[in-house]
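One-letter residues, chain by chain:
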Amino acid sequence: MTYILISDDSVSMRQMLKFTLAEANYQVTEANNGLTALELAKQQSYDLIITDVNMPQLDGLSLVRELRSLPEYQFKPILLLTTESDPEKKQEAKAAGATGWILKPFDPDKLLAAVRKVLR
Amino acid sequence: MAIDMTEVRQLFFEESSENLDVMESNLLDLEIGPIDKELVNSIFRAAHSIKGGAGIFKFEQVVSFAHVAETLLDEMRKGEHLVTQPIIDLLLRAVDILRMILSSLKEHTECDWSEVSACQTRLKAFLKTPLEGESAYGELTVSEKISPIPQSAPVKLPEPTSVIPAPIISATPLATPLPLEVPAVTPVTPTATSTMPASASLPVTSTEPTVATASTVALVAPTNIEGWQIIFKPHLEMLKTGNDPINLFRELAGLGALEVKADTHQVPTFTDLTPHSCYLNWELMLHANVAKSVIEEIFEWVENECDLQITSLPVLSAEDEAPIATVPDEITTATTTSSHDSHDAVSSKHSLVNSPRVELPPPAEGTVSNLPSPDEDGIGANQPLPNAPPASNQLRSDQVGTKPLSPVSPVETPLASTIEPLAVTSSLQCLDPHPLEGPISPRGNSNQAPETGSSIRVGIDKVDSLINLVGELVITQSMLEQVGENFDHSKLPLLRDGLSQLERNTRELQESVMRIRMLPISYSFNRFPRLVHDLSVQLGKKVELKLSGVHTELDKTVLEKMSDPLVHLVRNALDHGIEMPAQRRATGKSEVGLLHLHAFHQGGSIIIQISDDGAGFDLARIRDQAIKQRLLNREDNPTEEQLYEFVFQPGFSTANQVSDLSGRGVGMDVVRRNIRSLGGTIEIQSKPGRGTTFNIRLPLTLAILDGQLVRVGTEIYILSLLSIIESLRVKPKLVNSLAGKAEVYKLRDEYIPILRLYELFDIVVHCTTQLDQGLLVIVEGDGQKIGLFVDELLSQQQIVIKSLESNFKQMQGISGATILGDGSVALILDVAGLIQLFHHKKKIPTLRSTFTLGVSA
């Protein structure tokens, strides 16, 4: 089983992610903000973390940084959901330690393709 | 399987409307001047969420519009703009526009695109930086015909496929098809270099049958196919962002035949090796006719973490392959034809089978691992991989959602075994890289009418408590069942206990279910900051709005129906109540008027107070107006309360001027009618020059009431306990007849009209007609009292209201019906309606009669 943690403050976005990923047989856990995501990630090991950038409490980039400081997530793939397409933002994401990004809006195909790209 | 997006879409609309509320309330909180970063951020986030969600559902119009608004907000939070009233107003307008677009999308109706585009243009005018990617978002023009029905996006997921494209593979395995892991694994295996090629040319078949039709496998590239040479040199720290070369290679392999050569040059000796660094460089040959951008996209995420060189290969002919096959000093290519290799092939099958999903340690973690080799074939295994799972098992466990491929027996003829692993890879490929090729067809039902049922969002705690209670109910039920078995008298106390427990469970369950329908009044109150803001700007008044008790919960239906009356009262307060700043100053009041909305529980009711510190009602003017409209005789001397009563009369207005907002005399009567229809009351308290307070009293819920059962003849009627003031035995000497029209009962200092229910309902059988033999129930509705004459009072109990209107028709004086414990139906009396009916029957105009009575008292 592949476990994926998704973190987004928007319910519909989470539902969308969850539906798509669950249909593709991934085990999905939801967090509605970065802080919750971090706590969940500490409790259980996830194979992939997908997080929104703009979130209350702990934003996506900070979450990535926090996760990368944990031994468990040093090499785990972490994808950012972002609408920013300018290179500067992407570099910021990479600098924080994100594996890659998924540009919003995305359709399920794109999401799954991105997920498959980072999961073995 | 298609994902049902309708539900998610519904969720998106709900969420967006919440986000818009957030935007609106935060915009109203913004103060002119420097940016409040926290607020702007939160507005930005809300706009951003709407945009993101809208994109998923392909609501391009929303995306495009929200994008402009978001850009402006982004500039604001970067401090490029100061907060000014025009910006706030424009952004508020943008919120309205978004709300309009979203609701038109939701309801599948047309919306006014010219307004959208006008607002969008105004927003753009504020932007400091021109919008990038304009074309991507699409300029919205009026002429653009945008279908209000969005393409709902049902997503076709790949049907599990068990079709394995027949791989066309040469019967002679010339090369060892090594697993993808090999390049990564070998370098850290000191022994590997001797037994294994340090670099492996990996033939990965694409699904294109043209691949590998040549007589040799792998190294022999298919002729006449364009290709790409990719020099990929990851930086040492590439692994630290969770990127793994193997995943990239797999993506590439999905495009076509791929050769992978690893350059192990830079791998340090074991002792110097840092586990988390990537020491390998790769040279890849991709034989596929794809655009360069496709390849670049695959490497998109590692762009700055590697040196990447992508050059197109010339159209390959057979001769061209030689250089590739040439074995450089440090790079050995596995090309053997000995029988031994057939075992390699066999073993490689495992790795191929395993490769896509088997957990191997990350390349540079320093784990010494070897090419997997099946234990059971026993031949030629260089170093058996511990616990190498049998291929068939691996397949089954890996192929989630697909039919397991036919088990591959590890010991096979070389031919068969060479083919099978490839068969597996190709099938995996067709599953893996582009699994969602299915056309996205619009859902069949997307054109259907929008969902009519309204939904309610319930806090999880409420649902949990419900589940908990149901659990208890089940326990009680099983307990009673036990009691019921072989029941005898000794079990009577147990039965009684059980029944009282059941009663408690039922009550709690009922309360709990009712709570689900309860929403905080903030749902309704939250629209007022905006309304007050807009109105006060429009009227040139200064108003401070204070909201309190916003967490007070009331029934969803009540809340919805109260919405308009509240708006009306707030408008009135602003328009007529609160004076112009100059006028306020003149009367020694603060320029800023105060409007206070307050909600709280009192007894079994919710009280909503709307108070202002404005001018208050001008009683003299109400009196004059009432006389002018012939509602009052000049010589009458009505009390304050009675004068306020006129305010609720249709067509009654004291306003000198009819304004845009109010003053047409339409409204207060409607307000009261709405409140009454909810079983509530409204009253006015006002002091000239000090302000006005409207008190609205509403029942907690509409679905259940505490009822008093009364008997009239053989019929049973129900009165709301809240409406009952007292019940008494009639003393005949206190009953007076008024001009033969009505009977009144003198109760202390008041005269209360008596309504004989049996008369009203034409009950003739078994009923008491003598006043002193029955009971008089004094009830109050709409501020008027009336005595209902009944035979006797029965029990009090909670009554579940069934609508009479939806099952039969509306009846004046009857608010509904219920089913009693014995299964019979009883009507619930509506006191206010009864009073009206009474006056109507007695041909006494409502107001005048109370008047005369009041005055004569």
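Whatever comes next refers back to the structure up there.
In this text, all values refer to a predicted model and were calculated from it rather than measured experimentally. (Residues numbered from 1 in each chain as written. Chains lettered and ligands numbered in written order. Predicted model: local features only at pLDDT ≥ 70, side-chain atom pairs only at ≥ 80, totals over all residues. Heavy atoms only, no water.)

K.L.:
Describe the overall build of chain A, with residues and values.
P.N.:
Along the backbone of chain A there are five helices and five strands. When the helices and strands of chain A are placed in sequence order, the string is β-α-β-α-β-α-β-α-β-α. Taken over 120 residues, chain A has a buried fraction of 62%. Put simply, 62% of the contacts in chain A that link residues at least 6 apart link residues at least 24 apart. Approximately 4300 Å² of chain A is accessible, and the part contributed by carbon and sulfur atoms is 47%. (Helix = DSSP H or I, 4+ residues; strand = E, 2+ residues; numbered from the N terminus. Buried < 20%, exposed > 50% of the residue type's maximum accessible area, 1.4 Å probe, protein only. Contact = heavy atoms within 4.5 Å. Areas by Shrake-Rupley, 256 points an atom, 1.4 Å probe, with all protein chains shown as cover.)

K.L.:
How would you sum up the packing of aromatic side chains? Please name residues and give values.
P.N.:
Evaluated as defined, the whole model comprises 12 aromatic pairs over all chains. Seen from their ring centres, F232(B) and W282(B) are 6.0 Å apart, and the 25° between their planes marks the pair as stacked. Residue F232(B) is located in strand β3 (residues 227-234), and its partner W282(B) is located in strand β5 (residues 281-287); the two are separated by 50 residues in the primary sequence. We note that F232(B), like W282(B), is buried. Members of the aromatic cluster, connected to one another through ring pairs, are F232(B), F249(B), W282(B) and F299(B). The aromatic ring of Y73(A) is capped on one face by K76(A), whose charged end is 5.3 Å from the ring centroid. Positioned above the aromatic ring of F789(B), the side-chain terminus of R756(B) is 5.9 Å from the ring centre. (Phe/Tyr/Trp six-rings, centres within 6.5 Å; stacked < 30°, edge-to-face > 60°. Lys NZ or Arg CZ within 6 Å of the ring centre and 35° of its normal.)

K.L.:
Quick one: what's the story with the sheet that holds strand β6 (residues 306-313) of chain B, residue by residue and with numbers?
P.N.:
All names here are of chain B. If you walk across this open sheet you meet the four strands as β4-β5-β3-β6, and the pairing is antiparallel. Each having just a single partner strand, β4 (257-263) and β6 make up the two edges of the open sheet. Between one strand axis and the next, the sheet turns by 15° as a mean value, whatever way the strands run. Looking at chain direction, β3 and β5 are connected through five bridges and run antiparallel. Pairing of F232 across the sheet is with W282, part of β5. With respect to the sheet, helix α9 (residues 245-253) is in contact with β3, β4 and β5, its orientation differing from that of β5 by roughly 15°. (Pairing = 2+ DSSP bridges. Axes fitted to C-alpha atoms, helices over the stretch in contact; angles between N-to-C directions.)

K.L.:
Explain the side chain of S548(B) residue by residue, including any values.
P.N.:
Residue and element names in this part refer to chain B. Here S548 shows up in strand β8 (residues 543-548). Of the residues examined, S548 reaches a relative accessible area of 17% and is grouped as buried. A polar contact is formed between the side chain of S548 and the side chain of H598, at a distance of 2.6 Å. With sequence-adjacent residues up to four places away left out, S548 is seen in contact with F525, H596, L597, H598 and A599. (Polar contact = N/O pair within 3.5 Å; in protein donor to acceptor, adjacent residues only side chain to side chain.)

K.L.:
Lay out the pattern of salt bridges with the relevant residues and their values.
P.N.:
All names here are of chain B. According to the stated counting rule, one finds 29 salt bridges over all chains in the structure shown. A salt bridge links E579 to R584, with the nearest nitrogen and oxygen atoms 2.9 Å apart. Comparing E579 with R584, the two get one shared label, buried. In this structure, the salt-bridge partner of R748 is E726, at a minimum N-O distance of 2.3 Å. One end of the pair, R748, is in the loop between β18 (742-747) and β19 (750-756); the other, E726, is in strand β16 (residues 724-729), with 22 residues separating them in the sequence. Its relative accessible area of 60% is what places R748 among the exposed residues. What emerges from the salt-bridge pattern is a single network uniting D21, E24, D96, R99, R530 and D534. (Salt bridge = Lys/Arg side-chain N within 4 Å of Asp/Glu carboxyl O.)

K.L.:
With reference to specific residues and values, describe the packing of helix α2 (residues 34-43) of chain A against helix α3 (residues 60-68) of chain A.
P.N.:
All names here are of chain A. At a minimum axis distance of 9 Å, the contact between α2 and α3 shows a crossing angle of 20°. When the interaxial angle is binned, α2 and α3 end up roughly parallel. For the element pair α2 and α3, the recorded crossing hand is right-handed. Seen from α2, the contacting residues are G34, A37, L38 and A41; seen from α3, they are L63, E66 and L67. Its residues assigned to classes, the contact of α2 with α3 comprises five nonpolar, one polar and one charged. (Parallel < 35°, antiparallel > 145°, perpendicular 65-115°, else oblique. Left-handed = near helix turned anticlockwise from the far one by under 90°. Nonpolar A, V, L, I, M, F, W, Y, C, P; charged D, E, K, R; others polar.)

K.L.:
I'd love a proper account of the sheet that holds strand β23 (residues 814-819) of chain B, names of residues and values included.
P.N.:
Residues and elements named next belong to chain B. Overall, mixed pairing links the five strands, which are arranged β22-β14-β15-β24-β23 in an open sheet. Each of the sheet's edge strands pairs with one partner strand only, and the pair in question is β22 (792-800) and β23. Sheet twist, expressed as the average angle between the axes of neighbouring strands with direction ignored, equals 35°. Relative to strand β15 (residues 715-720), strand β14 (residues 704-712) runs antiparallel, the two being bridged by six bridges. Note on β15: the bridge partner recorded for V712 is E715.

Keep in mind these values describe shape, not function.
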